[in-house]
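# A look at the structure
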Amino acid sequence: MVSTVQRNTVQRQIILSTLKQMKAHPTVEEISARIQTDHPTISKTTVYRNLRLMAESKAIAQILIPDDVERYEGNTDNHHHFKCNVCQEIFDLNIDGLHERLTQLGKMVEDSSGFQADYPEIVFRGVCNHCKE
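Nothing here was measured: the structure is a model prediction, and the numbers come from that model.

## Observations concerning the pairing of strand β4 (residues 90-93)
On any regular strand, side chains alternate: one points to one face of the sheet, the next to the other face. With four bridges joining them, strand β3 (residues 80-84) and β4 adopt antiparallel strand pairing. Residue pairing in the sheet places His81 in a bridge with Asp92 of β4. Hairpin remark: β3 followed by β4, antiparallel, with five residues in the connecting loop; positive phi at Gln88, about 70°.

## Remarks on the pattern of salt bridges
One pass over the structure, following the stated rule, counts five salt bridges. Asp68 serves as the salt-bridge partner of Arg71, at 3.0 Å between the closest nitrogen and oxygen. The class for Asp68 is partly exposed, based on a relative accessible area of 25%. Three or more residues joined by partner-sharing salt bridges are found here, namely Asp68, Arg71 and Lys83.

## Quick look at helix α1 (residues 10-21)
With 12 residues, α1 should reach 16 Å at 1.5 Å per residue; the first-to-last C-alpha distance of 17 Å fits that figure. Elements in contact with the buried residues of α1: α2 (28-38), α3 (44-56) and β2 (71-73).

## What about the environment of His25?
When you line up the elements, His25 lands in the loop between α1 and α2. Judged by relative accessible area, His25 falls into the buried class, the value being 5%. Sequence separation between His25 and Ile63 is 38 residues, and the spatial gap between their C-alpha atoms is 8.0 Å. Those residues within four positions of His25 in sequence are excluded, and the remaining contacts are Glu30, Ile63, Arg71, Tyr72, Glu73, His81, Ile90, Phe91 and Asp92. Within the structure, the side chain of His25 is placed 2.7 Å from the side chain of Asp92, a separation counted as a polar contact.

Definitions and limits used
The numbering scheme is per chain: residues are counted from 1 as the chain's sequence reads. Confidence filtering applies because this is a predicted model: local features only for residues at pLDDT of at least 70, side-chain atom pairs given and counted only at 80 or more, and all residues used for totals across whole chains, interfaces and linings. Only heavy atoms go into the side-chain values, all of them from the structure, while hydrogens and water stay out. Strand pairing is defined by DSSP finding a minimum of two bridges between the two strands. Under the scheme used here, helices are H or I runs from DSSP no shorter than 4 residues and strands are E runs no shorter than 2 residues, and both carry numbers assigned from the N terminus. Definition used for salt bridges: Asp or Glu carboxyl oxygen within 4 Å of a side-chain nitrogen of Lys or Arg. In this scheme, a residue with accessible area under 20% of its type's maximum is buried, one over 50% is exposed, and one in between is partly exposed, where area comes from a 1.4 Å probe on protein chains only. An expected span of 1.5 Å times one less than the residue number is assigned to each helix. Contacts: residue pairs with any heavy atoms within 4.5 Å of one another. N or O atoms within 3.5 Å of each other form a polar contact, as long as, within protein, one can give a hydrogen and the other can take it, and as long as residues adjacent in sequence are counted only when both atoms are side-chain atoms.

The structure is reproduced here in structure tokens:
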């Protein structure tokens, strides 16, 4: 049996602190590159493993967008994302009432199929304001 308690190692603290300082939705490579600047002994494998563990424990969020590499963020509040088809930037979306509507949609899925639906993760695609100009 695997313990659900994670040790708060110095490496994990560095990785979490670095992720929270990064404004975008960075990839493992981007996080690792930033960490390597000040902590060259922390390997990319260590960063990857710890990001996965922290995402599993909900300390951070893992962002999985189809046709994109996995990304991470420190914002664990319920929110959704918008990916620009032009610049490939990913933006957070915090829309009033969306959480409640998606919860209702999940209930509809459960009622019609009998499945147990998790909270849906929605990614909108299109063109951001900067690229529209």
